[in-house]
Amino acid sequence: MAARILHLFDAQFDWQHRLGVSQLLDNLDTHQFECELGTLSDSSQPQFGLAGRQVTRFPFVLDTTLLTAPLLRRFVQMNQIDIIHAWGIAAAFAATQADAKSKLVIELFDPIIRDEEAAKLRLIQERSNPAIACATATVRRRLAERGVDVGACVVLRPGVDFAAINTARKRGLRERLGVAPGALVVLTPEPVSRRWDAFAAFWMIGLRSIRGEGDCLLLPGCSGEKNRIERLAQNLELSHCLRATNGTPFEEVIPHADVLLLASAEDVSATAIAWAMAAGVPVVATAVYSTAEFIASRTNGLLIKPDASKRMAVKLAKLLDDRQVLNEVRDTARGQAFEVFSVRRYVDQHVTLYQNIQAGQSPGGGIHDPAQNM
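Residues numbered from 1 in each chain as written. Predicted model: local features only at pLDDT ≥ 70, side-chain atom pairs only at ≥ 80, totals over all residues. Heavy atoms only, no water.

Draft legend 1. Quick peek at the sheet that holds strand 1 (residues 3–9). If you walk across this open sheet you meet the 7 strands as 3-2-1-4-5-6-7, and the pairing is parallel. One side of each edge strand has no neighbouring strand; the edge strands of this open sheet are strand 3 (55–57) and strand 7 (153–155). Averaged over neighbouring strand pairs, the angle between their axes works out to 25° when direction is ignored. Docked against the sheet, helix 15 (residues 343–358) engages strand 1, strand 2 (33–39), strand 4 (83–86), strand 5 (103–108), strand 6 (131–134) and strand 7, running at close to 145° with respect to strand 5. (Pairing = 2+ DSSP bridges. Helix = DSSP H or I, 4+ residues; strand = E, 2+ residues; numbered from the N terminus. Axes fitted to C-alpha atoms, helices over the stretch in contact; angles between N-to-C directions. Contact = heavy atoms within 4.5 Å.)

Given below as structure tokens:
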């Protein structure tokens, strides 16, 4: 009999979650697993991109589960859900408050765990004994530092669809955006935010624009920070340096960039790094734990010390002139991506995780982290 899984999302839903659940839905054996989708957030629903699939909306008002818990409990009972796969801490907390008898899996991409989130995770562990799938070792380390039982945590690297990258590359996005031939195209992660220090990327591309070579910065998705940068560019008469990719999924934008730039002074999600490595797009990043986990400077990417936005912009403007080094690190990174970021491995490891928790075994049993050999 197939195990029934409810994939439950919250307001933290983004392109990483969309890709992760899509890969599971497309590749899990339907004789083994039957999946339902649910969300606590209206804002997440338009982003699903899961054609023909029903998404059940559970009310979640003012960060409380008073309305959510009974409805979620009823849904779980009526649909005989065996496993709730929560793609966020709020979703996991709602599942715990519903007092469902289902096994609980929590999938986390972001290594920044706020105080209130850590408190919720510790409470969830006391009540539900969940398995926690961490996209990186940095996520696992940060959970341990916040008092979460590390024995429940297992590292499951994101899967990268190499065929999708090749297909996206043929779609001529640069031409549609009016990028000049030979121009350097720099991409900042989605969503554009202060956390990624997108302003450092903007100042850098503004400096390079002085040479008139048509270099530009791609701004993916929609966010308040993206709008602020666009307004500033307009005021400084630098709008020609920016290109918005609003309607194009982020993973389809990545293959059209020449550099992926992560200028954050703090740990960040690393899924974009995995996709850039696989797409042959050099990664230039600040040297923080989450980037250094994947990138060895001048081997498979370039790392710089975090600094104030404008000072970092000057360093970056010079650094990106060394096209030979960028090409060398790109080739090394692509080879490593083939070894580490496999969709098949991502799906198979989730199957093992599901089977482990159903059998009452250690979540990480039989799961090997391929990045340990990087």
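Draft legend 2. How the structure looks around a nonpolar patch on the surface. A contiguous nonpolar surface patch, about 280 Å² in accessible area, is contributed by Leu 207, Ile 210 and Val 314. Mapped onto the elements of the fold, Leu 207 is located in helix 8 (residues 198–209). (Patch = residues over 30% accessible without salt bridge, like charges linked within 9 Å, V, L, I, M, F, W, Y side chains within 5 Å. Areas by Shrake-Rupley, 256 points an atom, 1.4 Å probe, with all protein chains shown as cover. Salt bridge = Lys/Arg side-chain N within 4 Å of Asp/Glu carboxyl O.)

Draft legend 3. View of empty space enclosed by the protein. For the coordinates displayed, the defined rule picks out 2 cavities of 30 Å³ or more. By volume, the largest cavity is sized at about 60 Å³. Lining the largest cavity, in full, are Gln 16, Leu 19, Gly 20, Gln 23, Phe 109, Pro 158, Gly 159, Thr 271, Trp 275 and Tyr 346. At the level of elements, helix 1 (15–27) and helix 11 (271–279) are the ones that each hand at least two residues to the lining of the largest cavity. No other element matches the 4 residues that helix 1 contributes to the lining of the largest cavity. (1 Å grid on protein atoms, 1.4 Å probe; cavity = no way out; pocket = protein on both sides within 12 Å on 5 of 7 lines; lining within 4 Å. Points joined across faces, edges and corners; volume = space filled by probe spheres on them.)

Draft legend 4. Just the environment of Lys 315, in detail. Checked against the element boundaries, Lys 315 lands in helix 13 (residues 309–319). It is 34 Å that separates the C-alpha atoms of Lys 315 and Arg 18, two residues lying 297 residues apart in sequence. At 3.1 Å, the side chain of Lys 315 and the side chain of Asp 307 are in polar contact. (Polar contact = N/O pair within 3.5 Å; in protein donor to acceptor, adjacent residues only side chain to side chain.)

Draft legend 5. Region of the structure containing the pattern of salt bridges. Counted by the stated rule, this structure contains 25 salt bridges. One salt bridge in this structure joins Arg 157 and Glu 293, with 2.5 Å as the shortest N-O distance. Of the two residues, Arg 157 sits in the loop between strand 7 and helix 6 (162–169) while Glu 293 sits in the loop between helix 12 (289–292) and strand 13 (302–304), which places them 136 residues apart along the sequence. Judged by its relative accessible area of 5%, Arg 157 is buried. For Arg 211, the salt bridge is made with Asp 321, and the minimal N-O distance between the two is 2.9 Å. (Buried < 20%, exposed > 50% of the residue type's maximum accessible area, 1.4 Å probe, protein only.)

Draft legend 6. Local environment of the sheet that holds strand 13. Pairing is parallel in the open sheet, where 6 strands are placed in the order 10-9-8-11-12-13. Because the sheet does not close on itself, it has two edges, and the strands there are strand 10 (242–244) and strand 13. With direction set aside, neighbouring strand axes in the sheet form an average angle of 25°. Bridge count for strand 8 (residues 185–187) against strand 11 (residues 259–262) is 2 bridges, and the pairing is parallel. Each residue of the ladder has a partner; that of Val 186, found in strand 11, is Val 259. Packed onto the sheet, helix 9 (residues 224–235) meets strand 9 (216–219) and strand 10 and runs at close to 140° relative to strand 10. Here helix 13 sits on the sheet in contact with strand 11, strand 12 (283–286) and strand 13, set at roughly 155° to strand 13.

Draft legend 7. Molecular detail of helix 4 (residues 115–128). When the terminal C-alpha atoms of helix 4 are compared, their 20 Å separation across 14 residues agrees well with the 20 Å that a helix rising 1.5 Å per residue should span. Those residues of helix 4 not exposed but buried are Glu 117, Ala 118, Lys 120, Leu 121, Ile 124 and Gln 125. The buried residues of helix 4 occupy an angular sector of 160° when the element is viewed end-on, so they sit on one face. Turned more than 90 degrees away from the buried face of helix 4, the exposed residues are Asp 115, Glu 126 and Arg 127. Tucked inside the fold, the buried residues of helix 4 contact helix 3 (89–97), strand 5, strand 6 and helix 5 (137–145). (Expected span 1.5 Å × (residues − 1). Arc of directions from axis to C-beta.)

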